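Coordinates in review
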Amino acid sequence: MLFIIIVFVTLLTYVIPAGEFKRILIEGRNRVIPDSFRIIPSTPIGFLDMFRAIPLGFKAAIEVIFVVLSGGIMFGVMEETKAIENAVGSFVSKIGRERKYLAIVILTFIYGALGVFVGYEHNIAMIPIAAVVSLALGGDLVLAAGISVGAVTIGFGLSPINPYTVGIGHKIAELPLFSGALLRSLLCFSALSILAYYNVRYLKKISKNPEKSLGKGLNVDGIILSKPLSDYTVSINNWLVVGAFIMGLAAILYGVFNWDWYINEISAIFLMVAIASGIIGKMNATRISETVLKSVAYVAPGAFMVGFATTIKVLMEMGNIGDTISFHLSEILKTLPLYLSGVAMAISQSFINFFIPSGSGQALATLPVMLPLGEVIGLTRQTTILAFQIGDGISNLINPTLGGLIAMLSMCRVPLDRWLRFIFPIALALFILSAITLIIAVAIVYQ
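These notes cover the structure that comes with them. None of these values were measured; they are calculated from a predicted model.

Rules used throughout
Residues numbered from 1 in each chain as written. Predicted model: local features only at pLDDT ≥ 70, side-chain atom pairs only at ≥ 80, totals over all residues. Heavy atoms only, no water. Helix = DSSP H or I, 4+ residues; strand = E, 2+ residues; numbered from the N terminus. Rg over C-alpha atoms; globule rule 2.2 N^0.38 Å. Contact = heavy atoms within 4.5 Å. Areas by Shrake-Rupley, 256 points an atom, 1.4 Å probe, with all protein chains shown as cover. Lys, Arg positive; Asp, Glu negative; His and termini not counted. Charge placed at Lys NZ, Arg CZ, Asp CG, Glu CD. Buried < 20%, exposed > 50% of the residue type's maximum accessible area, 1.4 Å probe, protein only. Phe/Tyr/Trp six-rings, centres within 6.5 Å; stacked < 30°, edge-to-face > 60°. 1 Å grid on protein atoms, 1.4 Å probe; cavity = no way out; pocket = protein on both sides within 12 Å on 5 of 7 lines; lining within 4 Å. Points joined across faces, edges and corners; volume = space filled by probe spheres on them. Nonpolar A, V, L, I, M, F, W, Y, C, P; charged D, E, K, R; others polar. Salt bridge = Lys/Arg side-chain N within 4 Å of Asp/Glu carboxyl O. Core = buried A, V, L, I, M, F, W, Y, C linked by side-chain atoms within 4.5 Å. Axes fitted to C-alpha atoms, helices over the stretch in contact; angles between N-to-C directions. Parallel < 35°, antiparallel > 145°, perpendicular 65-115°, else oblique. Left-handed = near helix turned anticlockwise from the far one by under 90°.

1. Points about the overall build of the protein chain
Scanning the protein chain from terminus to terminus reveals 18 helices and 4 strands. Here the protein chain has a C-alpha radius of gyration of 22 Å; the compact-globule value for 447 residues is 22 Å, and the two agree. In terms of principal-axis extent, the alpha carbons of the protein chain reach across some 65 × 50 × 45 Å. Considering only intrachain contacts with a sequence separation of at least 6, the fraction spanning at least 24 residues in the protein chain is 82%. Summed over all atoms, the accessible surface of the protein chain reaches about 19000 Å², with 68% contributed by carbon and sulfur. Each charge sign in the protein chain was given a centre, from 30 positive and 24 negative side chains, and these centres are 7 Å apart.

2. Some points on unusual backbone geometry
Of note, the phi angle at K282 is positive, near 60 degrees, even though the residue is not glycine. Of note, K282 is situated in the loop between helix 11 (263–280) and helix 12 (285–319). Looking at K282, the relative accessible area reads 71%, which means it is exposed. Even without a glycine there, the phi angle at N320 is positive, about 55 degrees.

3. Details of the packing of aromatic side chains
The full count for this structure, using the stated rule, is 16 aromatic pairs. Taking the centre distance of 6.4 Å and the plane angle of 65 degrees together, the rings of F21 and F327 count as edge-to-face. One end of the pair, F21, is in the loop between strand 1 (19–20) and strand 2 (23–26); the other, F327, is in helix 13 (residues 322–333), and 306 residues separate them in sequence. Take F21: its relative accessible area is 4%, and that puts it in the buried class. By relative accessible area, which is 23% here, F327 ends up partly exposed. Centre to centre, the rings of F47 and F51 are 5.2 Å apart; their planes meet at 65 degrees, and the pair counts as edge-to-face.

4. With respect to the layout of surface pockets
Estimates place the volume of the largest pocket at around 740 Å³. Of all the secondary structure elements, the ones that give two or more residues to the lining of the largest pocket are helix 3 (62–80), helix 12, helix 15 (359–377) and helix 17 (403–411). It is helix 12 that provides the largest number of residues to the lining of the largest pocket, a total of 3 residues. Among the residues making up the lining of the largest pocket, the classes are represented as 12 nonpolar, 9 polar and 4 charged. A87, V88, F91, I129 and V242 are, among the 21 residues lining the second largest pocket, the residues nearest its centre. Looking at the lining of the second largest pocket, the elements that each hand over two or more residues are helix 3, helix 4 (83–95), helix 5 (100–117), helix 6 (127–136) and helix 10 (236–258).

5. Here we look at the pattern of salt bridges
By the definition in use, this model includes 10 salt bridges. The partner of R52 in a salt bridge is D49, with the nearest N and O atoms 3.1 Å apart. Placement of both R52 and D49 in helix 2 (residues 47–60) is noted, with a separation of 3 residues, approximately one turn of the helix. A relative accessible area of 27% means that D49 is categorised as partly exposed. Taking the shortest distance from any N to any O, the salt bridge between R381 and E375 comes out at 2.7 Å.

6. Let's talk about the side chain of T310
Within the element layout of this structure, T310 appears in helix 12. Excluding residues within four positions of it along the chain, T310 makes contact with G57, A60 and A61.

7. Notes on the nonpolar core
Counting residues in hydrophobic clusters, the biggest one holds 119 residues, and the most contacted among them are M74, Y111, F245, I390, V414 and W419. Take this core: its biggest share by element is 12 residues, from helix 18 (residues 416–443). Listed in part, the 21 residues of the second largest apolar core include L12, F308, I356 and A365.

8. Things to note about the packing of helix 10 against helix 11
It is at 9 Å that the axes of helix 10 and helix 11 come closest, and there the two elements cross at 165 degrees. One element, helix 10, and the other, helix 11, form an angle in the roughly antiparallel class. The handedness of the crossing between helix 10 and helix 11 comes out as right-handed. In this structure, helix 10 contributes N237, L240, V241, A244, F245, G248, A251 and I252 to the contact, and helix 11 contributes I266, I269, F270, V273, S277 and I280. The residue inventory of the contact of helix 10 with helix 11, partitioned by class, reads 11 nonpolar, 3 polar and no charged.

The following block contains the structure:
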């Protein structure tokens, strides 16, 4: 699927004229100058350059690729000590499988809260836990992705305090930081409620008929419970391993919020937790090494997909067609009625998101164009930023060019095609909900 998109983007460079907005450097970031778009000489991508973009994509995505590998290593070593299996087995034994639907709802909101308050890629360490819990409750790996990846993506994408979309948007629009939070909070909570209902509905469906499971045939080695629930106990060594993991998470959160840590620092903590878990679990060097290689084998396909997804972004830059697409979409919006313009703006941002998957990058590239346009057609700046956030946030659920999404799906061992089959109805329902929210925002002159 990703390779087909790579070929498609390459062909687009022969059809769409190259163009660019002028940009100025403000506080270390390139910001678009409105009304500065111009056509430049076309730079169509040749056959060799299309394939050359693949290693360039891997080079650009190396940090995300390695965090997938290091996260897989950490959970592989922890799983080898049986700490995760024993902890999850004991947890499910205590709550009882008869309360599994309540557990699914609670977990969905917990992962959603992580997306709201912690971030996106920062939560990659928590994704495999959902896989173990989902299987223990009678679900499958696709449900695990719905609980964790889906909730984190929605929570982060629609967060009223998202620093990468809302924060940068408010700064560009010169609005109070994170203002208008009530409407955004209601939208985010409603979206997570719909996802929680959908997850419970899916579990009920596959519990009645396992043949309808989208996770059928996926590899569950090492993450499925190996004995009856009543046999699970948590040893002191297991608690120490879990403690090392929690300390690692605490270090990551402190570093993210106080020292501006990002992916490389998170990878370093993952490796430290892996080594500590191996030592606590009394594993010798050979056993740790073999576990590391086995764990890498499980997550390597997902890491490989991250490089392919980033290749698409590289091709867009090589072909200089991203700005052209943004400009022409903004021109179309000028012709629409006021109540439809907010919804159409969100749709256009969704489309642009497939070519500029970075939320902050998309904000800097499009909002300097969209904000003046919104004022011309009668939208408040707050409504324009909400439309941008919805377009970016909802489309992230189905965006094959978003490295973080591919990375987290790989931690659940869920292929992209099965994920799209599972999440597409939710993405459609959430966009309808968001469209209604945008119409309300226009009606109340959202400030």
